[in-house]
Amino acid sequence: SMKERELTFKAFRRMVYAGRSTIYLQDEVPQILFTKHMMQDLQIASMTLSAYECWERYFVFVNCGAQHLQMLENNKSFMVNSYEQLVGLDMLWQIALSCRDDAVHKKSTELINKICNRVSAELKDQLAAIRQSVLEKIMNELLASVENGGDAQDSDK
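Residues numbered from 1 in each chain as written. Predicted model: local features only at pLDDT ≥ 70, side-chain atom pairs only at ≥ 80, totals over all residues. Heavy atoms only, no water.

**Student:** I'm lost on the layout of surface pockets in this one. Help?
**Tutor:** Gaps between atoms show up when a probe of the same size as a water molecule is rolled over them. In this structure, the second largest pocket occupies an estimated 190 Å³ of space. In this structure, the second largest pocket is lined by Arg5, Thr8, Phe9, Phe12, Leu33, His37, Met38, Asp41, Leu42 and Cys54. Among the secondary structure elements, those contributing two or more residues to the lining of the second largest pocket are helix H1 (2-14) and helix H2 (29-41). (1 Å grid on protein atoms, 1.4 Å probe; cavity = no way out; pocket = protein on both sides within 12 Å on 5 of 7 lines; lining within 4 Å. Points joined across faces, edges and corners; volume = space filled by probe spheres on them. Helix = DSSP H or I, 4+ residues; strand = E, 2+ residues; numbered from the N terminus.)

Here's what the structure looks like:
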C-alpha cells in the first residue's frame, strides 16, 4: 500500500546519515540500495516527498563515502570535492525537471543549487565550468520544452 511504501522510505532514510560514524547497514549496502534500487526503481515523475528525502539522504551518504562530497563540521551541509563524479547527479536533474510534486521539485532544485555553490578550494578554479555546464543543461531543457510545445515532461533528457 501507499502508506507502507511511505513508511519504508522513512525507515530506510533513518538508517544512514552522512555526518554519523555509526550506521545500521553494512558498508556496501547503502551504495547497492542507492545505485541498484533507488536510481533504477523509483518513478521520477510521481516521486513523493518521503521517497525524495530518502533518495537525497542516500545521495549525500554515498557521495560522501566516495569522497565526492565532504560533510562540514556541523554535519548540516557539505562541500563538493568532485562535481563530475557525483553518483546520481543526472537523476537529481531528472527529478528537478520532471517530478510533478511541488515540494520534491523545490527540494531537488535547492540541492542542485547547493552542489553548484559549495565547492571545495580544489574546485574553485572549475567553478565557472561547473556553472556553464549547469546553464547549458537548463538551456537544453528549455529548448526541448519549447520544441515539445511547452511540455517539459516529454523531454528525453
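Alright, that's what it looks like, and here's the rest.
**Student:** In this structure, what is going on with the nonpolar core? I would like to understand it.
**Tutor:** Generally speaking, nonpolar side chains in soluble globular proteins are found buried as a group. Ranked by internal contacts, the top residues of the largest apolar core, which has 41 residues, are Met47, Trp55, Phe59, Val80, Tyr83, Ile95 and Ile115. Of all elements in the fold, only H2, helix H3 (49-65), strand S1 (69-71), strand S2 (78-80), helix H4 (89-98), helix H5 (102-117) and helix H6 (127-147) reach the threshold of two or more residues within this core. If you tally residues by element for this core, the top one is H3, at ten residues. In contact with Trp55, other than residues within four places in its own chain, are Phe34, Met38, Met39, Leu42, Gly88, Met91, Leu92 and Ile95. (Core = buried A, V, L, I, M, F, W, Y, C linked by side-chain atoms within 4.5 Å. Buried < 20%, exposed > 50% of the residue type's maximum accessible area, 1.4 Å probe, protein only. Contact = heavy atoms within 4.5 Å.)

**Student:** Help me understand the confidence of the model for the protein, please; the structure alone is not making it clear to me.
**Tutor:** Predicted coordinates in regions of low pLDDT should not be interpreted in detail. Looking at the protein, pLDDT values average 83 and 89% of them are 70 or higher. The model gives residues 152-157 a pLDDT under 50, and that stretch makes ten contacts with residues more than four places away or in other chains. (pLDDT = per-residue confidence, 0-100.)

**Student:** I tried to follow the side chain of Ser77 on my own but got confused; where do I start?
**Tutor:** Following the sequence through the fold, Ser77 ends up in the loop between S1 and S2. In contact with Ser77, other than residues within four places in its own chain, are Gln70, Met71, Leu72 and Arg118.

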